[in-house]
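If you want the building blocks of each chain, they are given just below.
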Number of protein chains: 2
Amino acid sequence: MPTFPADSVGLVTPQYQAFPDPLRLACGKSLAQFELVYETYGTLNANHSNAVLVCHALSGHHHAAGYHSEDDRKPGWWDSCIGPGKAIDTNRFFVVSLNNLGGCHGSTGPCSINPETGKSYGASFPVLSVEDWVNSQAQLADVLDIQCWAAVVGGSLGGMQAIQWALSYPERIRHCVAIATAPKLSAQNIAFNEVARQAIITDPDFHNGDYAAFGVIPKRGLMLARMVGHITYLSDDSMGEKFGRELRTDRLNYDFTSVEFQVESYLRYQGQEFSARFDANTYLLMTKALDYFDPAETQGGDLAKTLEKVTADFLVMSFTTDWRFSPARSRELVNALMAARKPVSYLEIEAAQGHDAFLLPIPRYVEALQGYMNRIEVD
Amino acid sequence: MPTFPADSVGLVTPQYQAFPDPLRLACGKSLAQFELVYETYGTLNANHSNAVLVCHALSGHHHAAGYHSEDDRKPGWWDSCIGPGKAIDTNRFFVVSLNNLGGCHGSTGPCSINPETGKSYGASFPVLSVEDWVNSQAQLADVLDIQCWAAVVGGSLGGMQAIQWALSYPERIRHCVAIATAPKLSAQNIAFNEVARQAIITDPDFHNGDYAAFGVIPKRGLMLARMVGHITYLSDDSMGEKFGRELRTDRLNYDFTSVEFQVESYLRYQGQEFSARFDANTYLLMTKALDYFDPAETQGGDLAKTLEKVTADFLVMSFTTDWRFSPARSRELVNALMAARKPVSYLEIEAAQGHDAFLLPIPRYVEALQGYMNRIEVD
């Protein structure tokens, strides 16, 4: 007898979908074939009008809600918002969550076997863009017989995918929910990504991306990349509240290897844990997709003009202490939507947790998302 | 015939001072003997009342002003503020600038030969604190027959030394000028330092700090450490203005090794150049001294109480877009000084350049510093 919470989607099983036809990519190359792993929560209605796509961020995956086994005590990454009666109410919506192409959680990516060589893609896996992801997601929608999403929802890199959906397939998305995101990266954002990439690439165990052939992983580089990333996910204040300058022991060690301050311990743990479960080539791909995202670029940087073709209603949300994608970046998007005379709701949520806030059950945030989602018609 | 600018201190020659007696350190160890390299600008007056100590920041050194040869086209790191008629006017002041103990520019540090072993100290060099630096600087003052500094001036980590002077030797400092600094690091500050240290320590060429014995340097780690540091020295806006999302070529490369965005090129250059000229063990020492600096710790965190013993007048300056040591951190110091009823002037300078601003010739900043310094009596 499973003992999952009453508002949980309960036991879920990942599904696999093969796509046998070539996918043309922004880089000019094609993937001859690919596979996507995904999960669904709730039931598709007769009109197929209640489907919601949830897009994941840099280190996310398809397992957004529920549990994988009856012993599983850790639900999916957005379980706080997806479930019966929750913000994205699975009593109303049919929710689809996938692992992006190039990922390392089951979809075709650098760790997958290239059928043309019989070896893992490794460094030969093509560089992907947010547009490529949206195109592959559209093929998944075709297979699921979803002509039009009630909503595409995402935070951070996931929000960029939601925006790209509204641009690439205006007729296939009714609502775009873009949370803690930006219409393009700033130079500082790119700089942090570049440090992460250099940490991975300069790790002697990286072997130009073909580390699998050498039976190693660039653990040190991935650890450093995650440590840098993690600092940018938290606000200065939330780090201060969480760790302060607390020492792990009652005195200073006067060496460089001991873990002295709590924040060092936390970061090293996060980095080490991540380096054991995430693929370095995928990390590189994800950061490049972030760097390259700049939909207004083809319109000379005019975001309002770029957004002229969208027909979706927008909900944009940001968090006060998020300095990775600050409220100012969300307002760029909101201002451009208003200039293009598009319907947009914008909410800046008071939250101390920095960029991480978009993953957390902050009451005003979750209630606002719920209010918006509940007003979406699904007949 | 030298062609140095008229307001330059001109040709300067580093001087070396040996200290044959043991220096007791905060870590409990002692250095049996040590040497400091320093430069002086201007002339010590008859009363020895016009001496100003300039303290350097993390990657700084003794060469703060003037030129080392007639062909030298790059003046010292604070030449914009030190010279005849400049903010720190060498017509009035006798300026002393040294390379801190543990440094890699001539003072005794990890690269120096340990006379007890005949080999370089390497990893065996003791961990230093800001207090240790101030104590060694006091010995230099003794040698120079300077009983009391007219002012001790520093930015960033240099500002911490100025504050420590006011605390350790209240009777030997009349004015404390603390620029773009903080009374202690935040958890986020420590986190960035920890990433830098991990980058160095996990570099296989680090060899537990004894890389010299292996004839290598941990170049990759130092490069990454500097890249991370450099991001924190610049404001998001100044990076945006300097680099934007400008590409180095006219199209994307769709790989991970090409330098695509200008900001990547800048960071890699900064990192590589730094890794060739700076010592990794010194970098570790400097970051630890920063982490450990917390003068109020012995007073249970009560900074005002800690400052009760100071007798120096304070000038505190911060820069609006500095997010490494934000204006709020300077205000902590100012508020504590006010609570302790100590004389303090505070100026928050409007500047787009982030933490780096303290090294730049920003007119309002330089004028304010000049105004304050010119009011210091030197009879």
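Residues numbered from 1 in each chain as written. Chains lettered and ligands numbered in written order. Predicted model: local features only at pLDDT ≥ 70, side-chain atom pairs only at ≥ 80, totals over all residues. Heavy atoms only, no water.

### Side note on the overall build of chain A
Helix and strand counts for chain A stand at ten helices and 14 strands. The C-alpha radius of gyration of chain A comes to 21 Å, within 12% of the 21 Å expected for a compact globule of 379 residues. For chain A, the C-alpha atoms occupy an extent of roughly 65 × 60 × 50 Å along the three principal directions. Total accessible area on chain A stands at roughly 14,300 Å², and carbon and sulfur atoms take up 49% of it. Chain A carries 30 positive and 43 negative side-chain charges, and their two centres are separated by 3 Å. (Helix = DSSP H or I, 4+ residues; strand = E, 2+ residues; numbered from the N terminus. Rg over C-alpha atoms; globule rule 2.2 N^0.38 Å. Areas by Shrake-Rupley, 256 points an atom, 1.4 Å probe, with all protein chains shown as cover. Lys, Arg positive; Asp, Glu negative; His and termini not counted. Charge placed at Lys NZ, Arg CZ, Asp CG, Glu CD.)

### Focus: the pattern of salt bridges
Between side chains of opposite charge, pairing is possible as soon as their charged atoms come close. Within this structure, the stated rule accounts for 28 salt bridges over all chains. A salt bridge links Arg 268 of chain A to Glu 194 of chain B, with the shortest nitrogen-to-oxygen separation between them at 2.4 Å. Pair noted here: Arg 268 of chain A is in helix α6 (residues 262–277) and Glu 194 of chain B is in helix α3 (residues 187–201), and the two residues belong to different chains. For Arg 268 of chain A, a relative accessible area of 10% gives the class buried. Judged by its relative accessible area of 0%, Glu 194 of chain B is buried. Between Lys 86 of chain B and Asp 79 of chain B there is a salt bridge whose closest N-O contact spans 3.1 Å. Lys 86 of chain B sits in the buried class, given a relative accessible area of 10%. (Salt bridge = Lys/Arg side-chain N within 4 Å of Asp/Glu carboxyl O. Buried < 20%, exposed > 50% of the residue type's maximum accessible area, 1.4 Å probe, protein only.)

### Points about the UniProt feature "domain: AB hydrolase-1" (unreviewed entry) in chain A
UniProt records the feature "domain: AB hydrolase-1" (unreviewed entry) for residues 51–359 of chain A in the present numbering. The span residues 51–359 of chain A is 36% helix and 13% strand, and its two end C-alpha atoms sit 21 Å from each other. (UniProt positions renumbered as here; feature names shortened; annotations may be inferred.)

### Re helix α10 (residues 363–374) of chain B
For α10 of chain B, which comprises twelve residues, the first-to-last C-alpha distance of 16 Å matches the rise-based estimate of 16 Å (1.5 Å per residue) to within 8%. Tucked inside the fold, the buried residues of α10 of chain B contact β5 (51–55), β7 (88–89), β11 (151–155), β12 (175–179), β13 (313–319) and β14 (344–349) of chain B. (Expected span 1.5 Å × (residues − 1). Contact = heavy atoms within 4.5 Å.)

### Quick look at the sheet that holds strand β4 (residues 34–41) of chain B
All names here are of chain B. Within the open sheet, the eight strands sit side by side as β1-β4-β8-β5-β11-β12-β13-β14. Their pairing is mixed. Of all strands in the sheet, those with a lone pairing partner are β1 (15–19) and β14, marking the two edges. For this sheet, the mean angle separating the axes of adjacent strands, direction not counted, is 20 degrees. As paired elements, β13 and β14 share six bridges and run parallel to each other. Across the sheet, Val 316 pairs through a bridge with Tyr 346, a residue of β14. (Pairing = 2+ DSSP bridges. Axes fitted to C-alpha atoms, helices over the stretch in contact; angles between N-to-C directions.)

### Structural notes on the side chain of His 175 of chain B
Residues and elements named next belong to chain B. The topology assignment puts His 175 in strand β12. By relative accessible area, which is 12% here, His 175 ends up buried. At 2.8 Å, the side chain of His 175 and the side chain of Tyr 372 are in polar contact. Setting aside residues no more than four positions away along its own chain, His 175 makes contact with Ala 150, Ala 151, Val 152, Ala 312, Asp 313, Tyr 372 and Ile 376. (Polar contact = N/O pair within 3.5 Å; in protein donor to acceptor, adjacent residues only side chain to side chain.)

### Regarding the relation of the copies chain B and chain A
Here chain B sits on chain A after a turn of 180 degrees about the axis and a move of 0.0 Å along it, with an RMSD of 0.0 Å. One copy is carried onto the other by what is essentially a two-fold rotation axis. Counting the interface residues of chain B, we find that 100% of their copies in chain A are interface residues as well, pointing to one common contact surface. (Least-squares fit on C-alpha atoms with pLDDT ≥ 70 in both.)

### Concerning the interface of chain B and chain A
Between chain B and chain A, the residue contacts involve 51 residues of the former and 51 residues of the latter. Roughly 4,800 Å² is buried in total at the junction of chain B and chain A, and carbon and sulfur atoms are behind 70% of that figure. Per-residue buried area on chain B facing chain A is highest for Arg 245, Tyr 254 and Phe 256 of chain B; these three make up 19% of the total on that side. Our count for the contact surface shared by chain B and chain A stands at ten salt bridges. Counting across the chain B and chain A interface gives 18 residue pairs in polar contact (both at pLDDT 80 or more). (Buried area = accessible area lost by both parts, 1.4 Å probe.)

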